Amino acid sequence: MIGGGATGVMQRYSVFSLVSNALRGNQHWERAWRDPDPKEEYDVVIVGGGGHGLATAYYLAKEHGINKVAVLEKGYLGGGNAGRNTTIVRSNYMIDGNTQFYEHSLKLWHGLSQDLNYNVMFSPRGYVALATSQAQMDASAFRANSMRMNGIDAELLTREQVQKLLPYLDCSPNARFPVYGGLWQGRAGTARHDAVNWGFARAADSRGVDIIQQCEVLGYLWDGGRIVGVETTRGNIRAKKVALAVAGSTTLLGQKAGLELPIESHLLQAFVTEPIKPMIDYVIAYGTAHFYISQSDKGGLVLGGDLDGYNSYAQRGNLPIVDEVLTVAKALIPALSRLRVLRHWAGVMDMSMDGSPIICKAPVDGLYLNCGWCYGGFKATPASGFAFAHTIAKDEPYETNARFTLDRFRRGYQIDEKGAGPTPGAH
């Protein structure tokens, strides 16, 4: 692979570099990013080498000229939630704050491969949220109107339109979950999770960012009441600003800074079946049973469902959710009944009390928070990095994350997209 690293110059991937290296036996590709030792001090240290942390580093360098940045990852890039999700990208939100934020993210997704000069395999194949009652159809119409008022594409589908679009659904009168219609967003779709990480890593590295793997943060360096760096398994690293983008581990690192955050860590499982011929062209979501499914480029069906109903930091789930998700899959699409599941995994979700994220300065001086993503983490990756980088660089929020403050929970101004109240497991 080609990389620029400390030079700050990245040789671009192109058809010419592809042909040139192919003619030379593919023996001269350079590293996509460096593997540097940590320096003693940086302007910004970002804890967490997932998509959000890498995107933040990239936009800090690109948009704000801050490239003396280190991204610290306790394992390897993509080993956390970035590599443990169902890769869905959409912006069909309706609560003020979420609506603008996720639409900004979707717009960034549409140009991300060109921006990073790396194919993140974004596929705007379309997203259908099914409705299984007249009440859900009414709610879908309300959501669609809210989206359109914010300039976001949305179309309400009838039962007949859904049946024509998705002929493999069980739309019979005796179906366990009868289909009344659905909400369609044509610009939504999927992206390749590891390619997103690698693309941001390569682009950030080319602008001088140090990406340091196998470097776990153990605590903080303090100067009075201000955080001035981190203690790690690879030594102390000083920084003018420390930013957390560690998903389900936010509560652990928050406690080390003396913070009790309005977040719980839960498990979210995902599954991949054996590959089959192209069948499911779109992303399908099923709110009644909280189920979603799409088909990967390799042919495997990628599906998921609800949270495991307990708090945990483990990257594995329990069998009741396995049974629930696969049962719903079979009820919705009977043709899946004989497919084998090849593998499944779990990510550690940082569930906020209102189901919406937190991107802001922390109450502790020198510390910045990016957390509380619930189910929205992957799709938010580019906008999260963009807004978090602005917040870090300017010490004030960007327009899209102005409402994602920590003190909204103290003031009672929740952004409750689902209307489930202050119960993280319900969002």
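Remember, it's a predicted structure, so these values are computed and weren't measured experimentally.

Asker: How should a nonpolar patch on the surface be read in this particular structure?
Answerer: On the surface, a cluster of nonpolar side chains totalling about 470 Å² of accessible area is made up of V15, F16, V19 and L23. Turning to its location among the elements, F16 is positioned in helix α1 (residues 15-23). The exposed category is assigned to F16, whose relative accessible area is 67%.

Asker: Sorry, what's going on with unusual backbone geometry here?
Answerer: Leaving glycine aside, a negative phi is the common case for residues, and trans is the common case for peptide bonds. Residue T87 is not a glycine yet carries a positive backbone phi of 65°. With respect to the helices, strands and loops of the structure, T87 is situated in the loop between β2 (69-72) and β3 (88-89). A residue is classified by how much of its surface remains accessible, and T87, at 11% relative accessible area, is buried. Positive phi, normally seen in glycine, also occurs at Q214, with a value near 55°. Take Q214: it is sitting in the loop between β8 (210-212) and β9 (217-223).

Asker: What exactly am I supposed to notice about helix α7 (residues 193-206) here?
Answerer: For an α-helix the count is 3.6 residues per turn, leaving residues at separations of three or four pointing the same way. Across its 14 residues, α7 extends 20 Å between first and last C-alpha, which sits within 8% of the 20 Å expected from 1.5 Å per residue. With 13 of 14 residues buried, α7 lies mostly within the body of the structure. Just downstream of α7, G208 is the residue with a positive phi angle, here 100°.

Asker: Explanation requested: the environment of Y59 in the structure shown.
Answerer: Within the secondary structure, Y59 sits in helix α2 (residues 51-64). On a C-alpha basis, the gap between Y59 and A387 in space is 8.8 Å, while along the polypeptide they are 328 residues apart. What Y59 contacts, discounting residues up to four positions off in sequence, is H64, L108, L112, D115, F200, P382, G385, F386 and A389.

How each quantity is defined
Going along each chain's sequence as written, the residues are numbered from 1 onward. The predicted origin of the model limits local features to residues at a pLDDT of at least 70 and limits the giving and counting of side-chain atom pairs to 80 or more, whereas totals for whole chains, interfaces and linings rest on all residues. Side-chain numbers here rest on the full set of heavy atoms in the structure, without hydrogens or water. Residues enter patches when they are more than 30% accessible in relative terms and free of salt bridges; like-charged ones are connected within 9 Å and nonpolar ones (Val, Leu, Ile, Met, Phe, Trp, Tyr) within 5 Å. Per-residue accessibility takes into account occlusion by the displayed protein chains alone, with areas from the Shrake-Rupley method and a 1.4 Å probe. What counts as a salt bridge is simple: a side-chain nitrogen of Lys or Arg found within 4 Å of a carboxyl oxygen of Asp or Glu. The numbering of helices and of strands both runs from the N terminus, where a helix is a DSSP run of H or I of at least 4 residues and a strand a run of E of at least 2. The cut-offs for exposure are 20% and 50% of the maximum accessible area for each residue type, with area from a 1.4 Å probe on protein chains only; residues under the lower value are buried, those over the upper are exposed, and the others partly exposed. For a helix, the expected span equals 1.5 Å multiplied by the number of residues minus one. In this description, contact between two residues means that some pair of their heavy atoms is separated by no more than 4.5 Å.

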